[in-house]
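Coordinate inspection notes
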Amino acid sequence: MLSEFLLVELARLRSASELPLHRQLYEALRRVMLDGYLQAGERLASSRDLAQGLGLSRNTVITALNQLTVEGYLVSRVGSGTYVSDNCPKAARKPRAQLAVQRPHLSRRGELLTSRYTADQLEVQPFTAGIPDFSVFPTALWQRLQNKHWRMSYPEMLDYSCAGGHAPLRRAVADYLRVFRSVQLDADQVIITAGTQQSIALCAHLLADPGDTLWIEDPAYWGAVKALTAGGLRLHPVAVDGEGMAPGAADETAPPRLIYVTPSHQYPTGAVMSLARRQQLLDTAGRHGAWILEDDYDSEFRFSGPPVSSLAGLDKDERVLYMGTFSKVLYPGLKLGYLVVPKSLIGPFRQAHYDLNRPGQMPLQAALSEFIGMGHFTAALRKSRVSYALRRQSLLEGLKPCLGEHAFISGAGQGLHLCVRLPPTLDDQALARRIAEHGLLVRPLSGYCLQRRDARGLVIGYGYAPLAGIRQGAPVLARLIQEELRRWKTGF
């Protein structure tokens, strides 16, 4: 019986491993002991019998047995044989097929983090919101720049960075934000991070304690929800309307320590925060001594009207921490973003970023700074704007048949996605499932909601969708939305 178990284990190991035979036998014997097929005190067959039963050389068997003896799994008794050590776990002998698969024991925070926005819901497909078209990224040029900096790297470029990032890249970010986002800053205020979620997490760790209240938009960006939940904050959802986050008297009863917003293109509704609402939020932060985390999401892609000033550009009291990413213009896997902090926070944030995140990737940052300095970033941005504008227009035209009294579009003036708003009693999640049956992945607006129950719609991205795919898929979306609206009206 032991030989049969060992033969099964050896066959599995040989198919998935390049370990030498004696090591494979060692692993197989160790496994049958830990799984309880061999229990403490049981005697093994002789090395000669094991070799014959397994079709191995005796030297191979002896080498494996010796290693297990050295590690304490086996004990040899002169004149008696080799036995399983009493120190081995006394597991009950059960066939593997009968072993119950137990749910992992997660913390309450772990349960919250893994219960919403799971990987299968965030799968990248042509109509997925927030994903850029990285198929046109100039990979050959990028590779040359990276190779150049790897060849000329100094030892310090291979170490962690305690200065908040590569100095030329921080200067390039500061220059870009001064010109295009009206943010008044010095390069010292810029910290290069591994993206927006790391920026959010850093702010949560340094500016709030577990249990502190954070105002967050409702519906909300799932990545921010995850990062802030991991920070142990108490999320207080504030409803979003056509002018962005709309705090009222009821919200004032829960004074915030932090306020997280996406004012340039609210994710997922697409609302652009009005100037009056921006000023209201700044006043609220000053009154409560709160910090505003401004995620300037999709600010690079505005297709109609003049650019809207950032909150940080309006801030006179240094209550705003501004964050952005290069992933939307270049490619998601770049994983480089930036965080702009008030001058009074530069030292603590640099220190904590170094201690918590051990930032590095200096050759990558150097390549990006040169990419920006040579004008390739702005060229890529211009090219992307033209391409996304065409896709956006094609999607709008394809969706026209379903628009009317009970369906309208929000957030189409900027960004890489728009939202088809639907009646508050329509089941947008069922509609999204029906659309998925036709090979198109869109996300229900209600899936982003934290508290409110009146937000229904479909969040549709066009950045990752090829123009031909939009022309083919948009009419299908419109037809399925029309059919769902008819069912909703008739009650069937």
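Here the structure is shown first, and the text comes after it.
Quick summary incoming for the structure in this document. (Residues numbered from 1 in each chain as written. Predicted model: local features only at pLDDT ≥ 70, side-chain atom pairs only at ≥ 80, totals over all residues. Heavy atoms only, no water.)

**Quick notes on the side chain of arginine 170**
Note the cut-off: The way it works is that DSSP assigns letters per residue, a run of H or I at least four long becomes a helix, a run of E at least two long becomes a strand, and they are numbered from the N terminus. Accessible area is worked out with a 1.4 Å probe on protein chains only. A residue is then buried under 20% of its type maximum, exposed over 50%, and partly exposed in between.
Among the structural elements, arginine 170 can be located in helix H7 (residues 167-180). Look at arginine 170 and you get buried, because its relative accessible area is 7%.

**Topic: the sheet that holds strand E8 (residues 291-295)**
The criterion, for reference: Note on pairing: two strands pair once DSSP finds at least 2 bridges between them. Should any heavy atoms of two residues lie within 4.5 Å, those residues are considered in contact. Fitting a line to C-alpha atoms yields each axis, with helices limited to the stretch in contact; the angle taken between N-to-C directions then spans 0 to 180 degrees.
In spatial order, the strands read E3-E10-E9-E8-E7-E4-E5-E6; together these eight strands make up an open sheet with mixed pairing. The sheet is open, and its two borders are formed by strand E3 (190-193) and strand E6 (244-245), each paired with just one other strand. In this structure, E3 lies alongside strand E10 (residues 337-340), joined through four bridges in antiparallel fashion. The partner of isoleucine 191 across the bridge, within E10, is leucine 339. Along the sheet, helix H8 (residues 196-207) makes contact with E3, strand E7 (258-261), E8, strand E9 (320-325) and E10, crossing E9 at roughly 160°. Against the sheet, helix H13 (residues 346-357) makes contact with E3, E9 and E10, and its axis sits at roughly 15° relative to E3, the strand it touches most.

**Description of the sheet that holds strand E11 (residues 408-410)**
Strands sit in the order E11-E12-E14-E13 across an open sheet of four strands; the sheet is antiparallel. The open sheet has two edge strands with one neighbour each: E11 and strand E13 (443-444). Note: E13 against strand E14 (residues 456-461), two bridges, orientation antiparallel. Bridge pairing in E14 links arginine 443 to valine 459. Here helix H15 (residues 376-399) sits on the sheet in contact with E11, strand E12 (417-422) and E14, set at roughly 20° to E12.

**Structural notes on the packing of helix H3 (residues 47-54) against helix H4 (residues 58-70)**
For clarity, the cut-off: Orientation labels follow simple angle bins: below 35 degrees gives roughly parallel, above 145 gives roughly antiparallel, 65 to 115 gives roughly perpendicular, and whatever is left gives oblique. Crossing handedness: left-handed means the near helix sits turned counterclockwise from the far one by under a right angle, and right-handed means the same turn made clockwise.
In contact at an axis separation of 9 Å, H3 and H4 are set at 120° when each is read in the N-to-C sense. Considered as vectors, H3 and H4 are oriented oblique to each other. Of the two elements, H3 crosses H4, and the hand of that crossing is right-handed. Residues Ser47, Arg48, Leu50 and Ala51 of H3 touch H4, and the partners they reach there are Arg58, Val61, Ile62 and Leu65.

**Describing the packing of aromatic side chains**
By convention here, two paired aromatic rings are described through the distance between centres and the angle between planes. For the record, the criterion: Planes of paired rings set the category: under 30 degrees apart is stacked, over 60 is edge-to-face and the rest tilted, where pairs are Phe, Tyr or Trp rings (Trp by its six-membered ring) whose centres lie within 6.5 Å.
Within this structure, the stated rule accounts for 14 aromatic pairs. Considering the side-chain rings of tryptophan 142 and phenylalanine 371, the 5.6 Å spacing of their centres and the 85° angle between planes classify their relative orientation as edge-to-face. Pair noted here: tryptophan 142 is in helix H6 (residues 139-151) and phenylalanine 371 is in helix H14 (residues 362-373), with a separation of 229 residues, a long-range link. Taken individually, tryptophan 142 and phenylalanine 371 each receive the classification buried, so the pair is uniform in this respect. Between tyrosine 267 and tyrosine 448, the aromatic rings sit 5.6 Å apart at their centres with planes inclined by 80°, giving edge-to-face as the arrangement.

Function cannot be inferred from these measures alone, as they are strictly geometric.
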